[in-house]
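Structural overview for review
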Protein chains: 2
Amino acid sequence: MTETAPRPTLEAVAARAGVSRATASRVVNGGDGVREPLVERVRQAVEELGYVPNQAARSLVTRRHDAVAVVIAEPETRVFADPFFALQLRGISKELTAHDNQLVLLLTEGRDDHARVARYLAGGHVDGALVFSLHLDDPLPGLIRGAGIPTVFGGRPDWHGGPEAAVYVDSDNRGGARAAVRHLAGLGRTRIAHITGPLDQTSAADRLQGFRDVRGDADPHLVAESDFTPGGGERAMRELLARRPDLDAVFAANDLAASGALRVLREQGRRVPEDVAVVGFDDMLPVAEGTDPPLTTVRQDIEEMGRIMARLLLRRLDPNATDDPPAGLVLPTTLVRRASA
Amino acid sequence: MTETAPRPTLEAVAARAGVSRATASRVVNGGDGVREPLVERVRQAVEELGYVPNQAARSLVTRRHDAVAVVIAEPETRVFADPFFALQLRGISKELTAHDNQLVLLLTEGRDDHARVARYLAGGHVDGALVFSLHLDDPLPGLIRGAGIPTVFGGRPDWHGGPEAAVYVDSDNRGGARAAVRHLAGLGRTRIAHITGPLDQTSAADRLQGFRDVRGDADPHLVAESDFTPGGGERAMRELLARRPDLDAVFAANDLAASGALRVLREQGRRVPEDVAVVGFDDMLPVAEGTDPPLTTVRQDIEEMGRIMARLLLRRLDPNATDDPPAGLVLPTTLVRRASA
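Under an unreviewed UniProt entry, the name given to chain A is LacI family transcriptional regulator, and the organism recorded is Streptomyces antibioticus.

Here's what the structure looks like:
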């Protein structure tokens, strides 16, 4: 084990600045009542020595770490490949930084790592957690409940066990899907197909539910299960065209799947929107603007979702907050009209 | 402040399993000597109650958190936009996971956040840190030194202060650049230009040094400073063609800049490689294979760099390690020949 340089102490700072330990402590811990020239000398000594206040000692008093964990129950490779997470993290990062809280992203390779993540959360390293758990059979939410720290979920979790309260932020997936399908119906389309997302995720299940709210009587052959990817969208579109060559509209559960569907429609000589109108979901740029033709889609503000998750958690952590924060927040979606429908 | 559910205790686990606290403790902490049926009952109770061992208490004994921080001194947006970091994190994540260590990624918005990162590192939340600090005037390395935890740097840091030892893993940037320029010279090219990276980063400075090792006598007009981006590569290429329209080869400091240079050459009617041969650096796929023509480039194994950084840190943290790990490791690079040179 290699030795590391000893950490500079507050005493060393005081000595270098030529002030008492009490004065140095007051400056370092943000107290008042120290004359400006002395403050300046202490600051200079802090900088020269690379002094870092002992956070562990401070935490014993405040019981706060000023740190929030973000856990994404997906392999690290997916987290970096899907712009959805980057956008959400951007919102979270901005909000936490504005409140001088450290964003602690806990990465995993797979489900075998979730117990270790739960141990870290329970270990007194963070004040709370923001958790993205996408799959219904995921053990992580249960493990995190066991860790006993305040948690806000991204997306509505679907507990096996029943109605236990979970604090979450979600988009109005069901309402957005209804708006998409109503828009297609309003264009006079009567044979509207739906390419779903993976139905073990509440977002995909809710969008399918929205489709059914409007088209409850639709031929089951007009629904193809898929996986939120461009390749999956291609396969589903081929399947739908084989089953129902007379279809005249498609609502895809996200923009990436819609982009795959558009490719297959073009390849098979169907004009969009004349022969087949297409609507996506997300309004993830540059995907939605980059398709040919540009995509009519349901917009959700992903970065804002992240920001609101962080805000909700910080409010739960605030000992001075008097009102009870809401248990769930569902953000509105809006239809964005472009050329594809 | 909202109340959270109390954490299930080891006593509760023991009661539910119908065993003594000592037996439950032995199972949970991985000790031997408990009969299999009892082990099974304890495991089931742990699962049903969502029990998580008290890591804080355990850390007091082992003084280990089994967690390693990764700090990237770049804004969160860049971390997610540049595939370089994703590759390095993949290597780090695989290695840490294989040793049951938690990867703790500390994200920042900008330099104002670095003091907070240093406080977190000093606060007893991680055993060590892997740090990517790219810019020469970055205050982060000094702050981390102050935090007093074992640290391995990605890329050779360039201390202002002098020869203080830093443990780091780097690619052989200088040697790789020499190989690139020698390859161009070997093709008979005599007016070889260089598009640099941002020269406040050691990787870019080292590649320029490699270029100069071979072409020390080159006309200074054949060197254009740039920034590792496709847009920067375009601007630098235009500048070079305006200054030295007779140039017959370009070594770009990374593949992204080379892709920009190729666009400008095509636009100005220069054939590659007939009129101008081009070599990049990184062999970052799909960039290098996706250019027209495909790019001859210097390959560095970015994922492997991440893996080795993690391995080096874990060795420094291992109390049983007997040999002193190396202070710096420079990984070899190889020239990959494609159509552009």
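Bringing the sheet that holds strand E11 (residues 328–331) of chain A into the picture now. Read across the open sheet, the 12 strands follow the order E11(A)-E5(A)-E4(A)-E3(A)-E1(A)-E2(A)-E2(B)-E1(B)-E3(B)-E4(B)-E5(B)-E11(B); overall the sheet is mixed. Because the sheet does not close on itself, it has two edges, and the strands there are E11 of chain A together with strand E11 (328–331) of chain B. Strand-to-strand twist of the sheet, defined as the mean angle between neighbouring strand axes without regard to direction, takes the value 20°. Here strand E1 (residues 67–72) of chain B pairs with strand E3 (residues 128–132) of chain B via 5 bridges, running parallel. By the bridge assignment, B:Val70 is partnered in E3(B) with B:Leu130.

Time to look at the pattern of salt bridges. Following the criterion strictly, the structure yields 48 salt bridges over all chains and no others. B:Asp219 serves as the salt-bridge partner of B:Arg244, at 2.7 Å between the closest nitrogen and oxygen. Within this pair, whereas B:Arg244 is found in the loop between helix H11 (230–243) and strand E8 (249–252), its partner B:Asp219 is found in the loop between helix H10 (202–214) and strand E7 (223–224), the two being separated by 25 residues in sequence. In the salt-bridge network here, residues are joined through shared partners; they are A:Arg191, A:Asp219, A:Arg244, A:Asp246 and A:Asp248.

Attention now moves to helix H2 (residues 21–28) of chain A. Note on helix geometry: an α-helix contains 3.6 residues per turn, so any two residues three or four positions apart are oriented the same way. Burial in H2(A) covers these residues: A:Thr23, A:Ala24, A:Val27 and A:Val28. Buried residues along H2(A) cover an arc of 130° about the axis, so they all sit on one side.

Applying a rotation about an axis and a shift along it to one chain copy brings it onto the other copy. With an RMSD of 0.1 Å, the operation that places chain A on chain B is a rotation of 180° combined with a shift of 0.0 Å along the axis. Both copies are brought into coincidence by an operation consistent with a two-fold rotation axis. Considering only C-alpha atoms, the part of chain A nearest the rotation axis is A:Leu105, at 2.4 Å. Here 100% of the interface residues in chain A have copies in chain B that are interface residues too; the copies meet face to matching face.

What follows covers the side chain of B:Asp206. By the secondary structure assignment, B:Asp206 is in helix H10. Residue B:Asp206 is classed as buried on the basis of its relative accessible area, which comes to 15%.

We now examine the pairing of strand E2 (residues 102–107) of chain B. Among the 6 residues of E2(B), 6 are classified as buried, and the element is accordingly described as predominantly covered. Neither face of E2(B) is left uncovered, since the one carrying B:Gln102, B:Val104 and B:Leu106 and the one carrying B:Leu103, B:Leu105 and B:Leu107 both have all their residues buried. By the bridge criterion, 5 bridges tie strand E2 (residues 102–107) of chain A to E2(B) in an arrangement that is antiparallel. Residue pairing across strands places A:Leu106 opposite B:Val104, the latter belonging to E2(B). By the bridge criterion, 5 bridges tie E1(B) to E2(B) in an arrangement that is parallel. Opposite B:Val71, over in E2(B), you have B:Leu106 as the bridge partner.

Take the interface of chain A and chain B next. Across the boundary between the two partners, chain A contributes 57 residues, which contact 57 residues of chain B. Around 4900 Å² of area is buried between chain A and chain B when both sides are counted, 56% of it from carbon and sulfur atoms. Summed over the three residues of chain A that lose the most area to chain B, namely A:Phe80, A:Gln102 and A:Arg119, the buried surface amounts to 14% of that side. For the pair chain A and chain B, the interface holds 4 salt bridges. When the shortest N-O distance is used, the salt bridge between B:Asp100 and A:Arg119 registers 3.6 Å. Taken together, the connections running from chain A to chain B amount to 15 residue pairs in polar contact (both at pLDDT 80 or more). Contributions of two or more residues to the side of chain A that touches chain B are made by helix H4 (55–62), helix H5 (76–81), helix H6 (83–98), E2, helix H7 (114–122), helix H8 (140–147) and helix H14 (302–317) of chain A. When its residues are assigned to classes, the side of chain A that touches chain B shows 29 nonpolar, 15 polar and 13 charged.

Further remarks concern helix H1 (residues 10–17) of chain A. Residues and elements named next belong to chain A. Buried residues of H1: Leu10, Val13, Ala14 and Ala17, and no others. In an axial view of H1, the angular spread of the buried residues amounts to 100°, which keeps them on one side of the axis. Buried residues along H1 sit in contact with H2 and helix H3 (36–49). One or two residues past the end of H1 sits glycine 18, with phi positive at roughly 70°.

Moving on to the nonpolar core. Ranked by size, the top nonpolar core spans 56 residues in total, and within it A:Val70, A:Leu105, A:Leu130, B:Val70, B:Leu105 and B:Leu130 carry the most contacts. Those residues in contact with A:Val70 that lie beyond four places of it in its chain are A:Leu89, A:Ile92, A:Leu103, A:Val104, A:Leu105, A:Leu106, A:Leu130 and A:Phe132. Counting residues in hydrophobic clusters, the runner-up holds 40 residues, among them A:Leu106, A:Leu140, B:Ile144 and B:Ala166.

The next point concerns the side chain of B:Thr296. Residues and elements named next belong to chain B. Along the chain, threonine 296 falls in strand E10 (residues 296–299). Residue classification places threonine 296 among the buried residues on the basis of a relative accessible area of 0%. Here arginine 338 takes part through its backbone nitrogen, which lies 2.9 Å from a polar atom of the side chain of threonine 296. Ignoring sequence-local partners within four residues, the contact set of threonine 296 consists of His183, Val278, Val279, Gly280, Leu335, Val336, Arg337, Arg338, Ala339, Ser340 and Ala341.

Residue and element names in this part refer to chain A. Residue proline 293 is bonded to the preceding aspartate 292 through a cis peptide linkage, with omega at -5°. Assignment of secondary structure puts proline 293 in the loop between helix H13 (287–290) and strand E10 (296–299). Even without being glycine, aspartate 66 reaches a positive phi, approximately 55°. Relative to the helices and strands, aspartate 66 resides in the loop between H4 and strand E1 (67–72). Note on aspartate 66: relative accessible area 31%, which makes it partly exposed.

Turning to the domain arrangement of chain A, a few remarks are in order. Many authors give the size of an interface as the accessible area that is lost as the parts come together. All names here are of chain A. For chain A, the domain assignment lists domain 1 (10–53), domain 2 (67–171 + 304–331) and domain 3 (173–300). The C-alpha-based centres of domain 2 and domain 3 are spaced at 30 Å. With 13 residues of domain 2 in contact, the opposing surface of domain 3 contributes 8 residues. Taking both partners together, domain 2 and domain 3 bury about 960 Å²; carbon and sulfur atoms supply 47% of that area. Of all residues in domain 2, the largest losses of buried area upon contact with domain 3 belong to Leu136, Arg156 and Ser171, amounting jointly to 44% of the total for that side. In this assembly, domain 2 and domain 3 are joined by 1 salt bridge. The shortest N-O distance in the salt bridge between arginine 156 and aspartate 206 comes to 2.7 Å. Summed over the shared surface of domain 2 and domain 3, the result is 5 residue pairs in polar contact (both at pLDDT 80 or more).

Rules and cut-offs
- Residues numbered from 1 in each chain as written.
- Chains lettered and ligands numbered in written order.
- Predicted model: local features only at pLDDT ≥ 70, side-chain atom pairs only at ≥ 80, totals over all residues.
- Heavy atoms only, no water.
- Pairing = 2+ DSSP bridges.
- Helix = DSSP H or I, 4+ residues; strand = E, 2+ residues; numbered from the N terminus.
- Axes fitted to C-alpha atoms, helices over the stretch in contact; angles between N-to-C directions.
- Salt bridge = Lys/Arg side-chain N within 4 Å of Asp/Glu carboxyl O.
- Buried < 20%, exposed > 50% of the residue type's maximum accessible area, 1.4 Å probe, protein only.
- Arc of directions from axis to C-beta.
- Least-squares fit on C-alpha atoms with pLDDT ≥ 70 in both.
- Contact = heavy atoms within 4.5 Å.
- Buried area = accessible area lost by both parts, 1.4 Å probe.
- Polar contact = N/O pair within 3.5 Å; in protein donor to acceptor, adjacent residues only side chain to side chain.
- Nonpolar A, V, L, I, M, F, W, Y, C, P; charged D, E, K, R; others polar.
- Core = buried A, V, L, I, M, F, W, Y, C linked by side-chain atoms within 4.5 Å.
- Domains from an automatic or database assignment.

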